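Each chain, written out:
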Amino acid sequence: MKYSIEERFQIPYIKLKFILILSEDSILPKEKVSALRGGMGEMLLRQNCIRMRDCKNCSFEEACIVRSTVYTRMKRKPAFMQGDDSIGYLLECENYRTDFEAGEELSFYLTLFGNNLVYFGQYLQAFYQLGINGIGRYHAQYQIKEIQNGREEKILENQTVHMKNYRIETVGTYVEERIRALKWRGCKSMLTFYTPLCLKFQGEYLREFRSEAIFQAAFRRVMMLDYFVEKYIEKPEFADYPAIVKQNVQEKIVPRYSSNHANKIWMKGIVGQVAFDRIPEEIFPYLAAGELLHIGKNSSFGFGRYRIE
């Protein structure tokens, strides 16, 4: 059964731009998303946990705000999903500077999907508290200057929240706009991966780009979000995938401190460019959606961001 873009990609979302001002001369981690994600989770626990973080024996799991904001809550999951994948939000920050002076700005993006949209106040409070507590090893403190929506309208300004600018969109609208733009500019059938793609294919993690792996990952990502918003649409199947004509690939390793493991772990993936001989028209919407949704593992940490060039 074929679905229209409106039906297949009827996934509500909002992409928020947080603009921070450093309170003092600071040293920040090079990979800031891990610090933001860890700090956000810690602040949410401090604000909301009433069982001393004993999740296994907690009788309030269904009502737990931390579970709802940090981990996926789904009535049904696709068969390929395992564990508590965090797909209700994702973070992006590709500023890799480490030295900042007092008064300098730093921006990052938080994208919320589905029911996670209603927890904006919780995320805002978490990042506000993180600014007081400090981010990273040296506890760099900051203030939230403003928060913008995708149209650069201010949702937070001068410590005042303007919910009229909290404009919820759909992935379908994004897909349609990107397809129009790509057709107008003349798409070159090339993808540039700006953050690591962590993807297992045929039992092994990718060390180079594989056509079927990339497109299957895009299909699965859309399917996961469909299930998240309780639209149980199966992923499409294609018999043929575009051939890769050229690629430039590098392995990238990102350190992350895991509170669950109580030590540093290493997240790996590949970045670079991959060019195809063609991209079939029926695949293009999924590829366009993947720009916004990211593909592969660790997407909540900003992994798997690419752009159709």
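Computed from a prediction, not measured in an experiment: that's the story for all the values here. Per chain, residue numbering runs from 1 following the sequence as it is written. Thresholds applied to this predicted model are a pLDDT of at least 70 for local features of residues and 80 or more for the giving and counting of side-chain atom pairs; totals over whole chains, interfaces and linings are not thresholded and use all residues. Remark: hydrogens and water are excluded; side-chain values derive from all non-hydrogen atoms of the structure.

Some remarks on the packing of helix 5 (residues 171-185) against helix 7 (residues 284-293)
Okay, step 1: As a rule, the C-alpha atoms of each element are fitted with a line to give its axis, helices using only the stretch in contact, and angles between N-to-C directions run from 0 to 180 degrees. Helix and strand assignments follow DSSP, with helices taken as H or I runs no shorter than four residues and strands as E runs no shorter than two, numbered in order from the N terminus. Their axes nearest at 9 Å, the elements helix 5 and helix 7 cross at an angle of 115°. Viewed along their axes, helix 5 and helix 7 adopt a mutual orientation that is roughly perpendicular. Relative to helix 7, the crossing made by helix 5 is right-handed. Touching V171, Y174, V175, R178, I179 and L182 of helix 5 are F284, P285, A288, A289, E291, L292 and L293, all from helix 7.
Okay, step 2: Residue polarity is assigned by list, with Asp, Glu, Lys and Arg as charged and Ala, Val, Leu, Ile, Met, Phe, Trp, Tyr, Cys and Pro as nonpolar; anything else, Gly included, falls into the polar class. A breakdown of the residues in the contact of helix 5 with helix 7 according to their chemical character gives 11 nonpolar, no polar and two charged. Orientation labels follow simple angle bins: below 35 degrees gives roughly parallel, above 145 gives roughly antiparallel, 65 to 115 gives roughly perpendicular, and whatever is left gives oblique. The hand of a helix crossing depends on one turn: near helix anticlockwise from the far one by less than a right angle means left-handed, and clockwise means right-handed. Contacts between residues were defined by any pair of non-hydrogen atoms, one from each residue, lying within 4.5 Å.

Examining empty space enclosed by the protein
Okay, step 1: Here the term cavity refers to a set of points on a 1 Å grid, laid over the protein atoms alone, in which a 1.4 Å probe fits but cannot get out; the term pocket refers to an open set having protein on both sides within 12 Å along at least five of seven lines, with lining residues being those that place an atom within 4 Å of a point. Grid points are joined across faces, edges and corners, and a volume is the space filled by probe spheres set on the points. One pass over the structure, following the stated rule, counts one cavity of 30 Å³ or more.
Okay, step 2: If you add up the space inside the largest cavity, you get close to 160 Å³.
Okay, step 3: In terms of lining, the largest cavity is formed by 18 residues, of which the most central are E31, V33, C93, F301 and F303.
Okay, step 4: Secondary-structure elements contributing two or more residues to the lining of the largest cavity are helix 2 (32-48), strand 10 (190-197) and strand 13 (244-258).
Okay, step 5: With three residues, helix 2 is the single largest residue contributor to the lining of the largest cavity.
Okay, step 6: Residues of the lining of the largest cavity, tallied by class, amount to eight nonpolar, four polar and six charged.

So, the pattern of salt bridges
Okay, step 1: Throughout this description, the term salt bridge denotes a Lys or Arg side-chain nitrogen within 4 Å of a carboxyl oxygen of Asp or Glu. Within the structure shown, the criterion is met by 19 salt bridges.
Okay, step 2: One salt bridge connects R8 with D226, and the closest N-O pair in it is separated by 3.3 Å. One end of the pair, R8, is in helix 1 (residues 5-8); the other, D226, is in helix 6 (residues 211-228), with 218 residues separating them in the sequence.
Okay, step 3: Only protein chains enter the accessibility calculation, which uses a 1.4 Å probe. A residue is then buried if its area is under 20% of the maximum for its type, exposed if over 50%, and partly exposed in between. Overall, R8 belongs to the buried group, its relative accessible area being 2%.
Okay, step 4: E62 is the partner of R73 in a salt bridge, and the nearest nitrogen-oxygen pair spans 3.3 Å.

Let's talk about the side chain of R305
Okay, step 1: Inspection of the secondary structure assignment puts R305 in the loop between helix 7 and strand 15 (306-308).
Okay, step 2: On the basis of relative accessibility, which here comes to 18%, the residue R305 falls in the buried class.
Okay, step 3: Only 2.5 Å separates the side chain of R305 from the side chain of E94, close enough to count as a polar contact.
Okay, step 4: The contact partners of R305, leaving out residues within four places of it in the chain, are E92, E94, T192, F193, Y194, T195, E291 and H294. Distance and chemistry together define a polar contact, namely a pair of N or O atoms within 3.5 Å, with one atom able to donate a hydrogen and the other to accept it when in protein, and with adjacent residues in sequence counting only for side-chain atoms on both sides.

Here we look at the packing of aromatic side chains
Okay, step 1: Each aromatic pair joins two rings of Phe, Tyr and Trp (for Trp, the six-membered one) with centres within 6.5 Å, and gets the label stacked for planes under 30 degrees apart, edge-to-face for over 60, and tilted for any other angle. Under the definition given, this model contains 14 aromatic pairs.
Okay, step 2: Between F215 and F276, the ring centres sit 5.1 Å apart and the planes meet at 50°, which makes this aromatic pair tilted. Note that F215 is positioned in helix 6 and F276 in strand 14 (residues 263-276), a separation of 61 residues in sequence.
Okay, step 3: On the basis of relative accessible area, F215 is assigned to the buried category, the value being 0%.
Okay, step 4: Given a relative accessible area of 4%, F276 falls into the buried group.
Okay, step 5: Just above the ring of F100 sits the side chain of R97; from NZ or CZ to the centre is 4.3 Å. A ring is considered to have a charge above it if a Lys NZ or an Arg CZ atom is located within 6 Å of its centre and within 35 degrees of its normal.

A word on the nonpolar core
Okay, step 1: Core analysis: the largest hydrophobic core is formed by 49 residues, its most contacted members being V171, L191, F193, L197 and I214.
Okay, step 2: Among the secondary structure elements, those contributing two or more residues to this core are helix 5, strand 10, helix 6, strand 14, helix 7 and strand 15.
Okay, step 3: Looking at this core element by element, the count peaks at 12 residues for helix 6.
Okay, step 4: In this structure L197 touches L206, F209, I214, G269, I270, I295, G296 and G304, once residues within four positions along its chain are discounted. Residues enter a nonpolar core if they are buried and are Ala, Val, Leu, Ile, Met, Phe, Trp, Tyr or Cys, with the set joined through side-chain atoms within 4.5 Å.

Topic: the layout of surface pockets
Okay, step 1: In this structure, the second largest pocket occupies an estimated 430 Å³ of space.
Okay, step 2: K15, Y109, G150, Y174 and L292 are the residues nearest the centre of the second largest pocket, which is lined by 21 residues in total.
Okay, step 3: Those elements that provide at least two residues to the lining of the second largest pocket are strand 1 (12-22), strand 9 (169-170), helix 5, helix 7 and strand 15.
Okay, step 4: In terms of residue count, strand 1 provides more of the lining of the second largest pocket than any other element does, four residues in total.
Okay, step 5: Considered class by class, the residues forming the lining of the second largest pocket number six nonpolar, five polar and 10 charged.

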